[in-house]
Amino acid sequence: MILVDSSVWIDYFNGSAGAETDLLDRLMDSGRLLVGDLILAEVLQGFRSEHDAARALARFRAFQCASMVKLRSARRGITGSCDEEASLSARPSIR
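What you see is a predicted model, and the numbers here were worked out from it, not measured in a lab. (Residues numbered from 1 in each chain as written. Predicted model: local features only at pLDDT ≥ 70, side-chain atom pairs only at ≥ 80, totals over all residues. Heavy atoms only, no water.)

Here the largest pocket is characterised by a volume of approximately 200 Å³. Taken together, Ile10, Phe13, Asn14, Val43, Gly46, Phe47, Arg48 and Asp52 make up the lining of the largest pocket. (1 Å grid on protein atoms, 1.4 Å probe; cavity = no way out; pocket = protein on both sides within 12 Å on 5 of 7 lines; lining within 4 Å. Points joined across faces, edges and corners; volume = space filled by probe spheres on them.)

Given below as structure tokens:
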């Protein structure tokens, strides 16, 4: 599985051409992309309109989503709570 950084997703959705976005474009239908819940939240919050965010979310639904922060992380000094799956208050979550 390949986890793509939010900066690459942001460049991709902004239409910026580059080696990373070209590779992402080629990998879209490979079944090898993994989206982290924190990356998803960061990317979706950057859209100016709900319509654009919904279109991007529809695109993300094709990929496996994984939690990047587990509840047990709080025991190691990371504050806040996190569910096992993506929990996005500003945007709908992928299920």
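The three strands lie next to each other as S1-S2-S3, forming an open sheet whose pairing is parallel. Edge positions in the sheet fall to strand S1 (2-3) and strand S3 (64-66), since each of these pairs with one other strand and no more. When strand S2 (residues 33-36) meets S3, the two strands line up parallel, connected through three bridges. Within S3, the position partnered with Leu34 by the bridge is Gln64. Those strands touched by helix H3 (residues 37-45) are S1, S2 and S3, and its axis lies near 75 degrees from that of S2. (Pairing = 2+ DSSP bridges. Helix = DSSP H or I, 4+ residues; strand = E, 2+ residues; numbered from the N terminus. Contact = heavy atoms within 4.5 Å. Axes fitted to C-alpha atoms, helices over the stretch in contact; angles between N-to-C directions.)

This paragraph deals with a negative patch on the surface. A cluster of acidic residues, Asp11, Glu20, Asp22, Asp25 and Asp29, forms a negative patch at the surface. The element contributing the most residues to the negative patch is helix H2 (residues 19-27), with three residues. Tracing the backbone shows Glu20 in helix H2. (Patch = residues over 30% accessible without salt bridge, like charges linked within 9 Å, V, L, I, M, F, W, Y side chains within 5 Å. Areas by Shrake-Rupley, 256 points an atom, 1.4 Å probe, with all protein chains shown as cover. Salt bridge = Lys/Arg side-chain N within 4 Å of Asp/Glu carboxyl O. Lys, Arg positive; Asp, Glu negative; His and termini not counted. Charge placed at Lys NZ, Arg CZ, Asp CG, Glu CD.)

Side chains Leu33 and Val35 of S2 all project onto a buried face; the interleaved residues Leu34 and Gly36 project onto the opposite face, where all are buried too. Two strands pair when backbone bridges link them, and S1 and S2 are joined in this way by two bridges, in the parallel orientation. Of the residues in S2, the one forming a bridge with Ile2 is Leu33. (Buried < 20%, exposed > 50% of the residue type's maximum accessible area, 1.4 Å probe, protein only.)

If you look at the biggest cluster of nonpolar residues, it comprises 18 residues, and the most contacted ones within it are Trp9, Leu24, Leu33, Leu44, Phe60 and Phe63. Residues within four places of Leu24 in sequence aside, it is in contact with Val4, Val8, Trp9, Tyr12 and Leu33. (Core = buried A, V, L, I, M, F, W, Y, C linked by side-chain atoms within 4.5 Å.)

Let us look at the side chain of Ser6. Mapped onto the elements, Ser6 comes out in helix H1 (residues 6-13). Apart from the residues lying within four places of it in its own chain, the contact partners of Ser6 are Ile39, Glu42 and Val43.

The next thing to look at is the packing of H1 against H3. Viewed as axis vectors pointing N to C, H1 and H3 meet at an angle of 35 degrees, and their least axial separation amounts to 9 Å. In terms of crossing hand, the pair formed by H1 and H3 is right-handed. In this structure, H1 contributes Ser6, Trp9, Ile10 and Phe13 to the contact, and H3 contributes Ile39, Glu42 and Val43. Taken together, the residues of the contact of H1 with H3 sort by class into five nonpolar, one polar and one charged. (Left-handed = near helix turned anticlockwise from the far one by under 90°. Nonpolar A, V, L, I, M, F, W, Y, C, P; charged D, E, K, R; others polar.)

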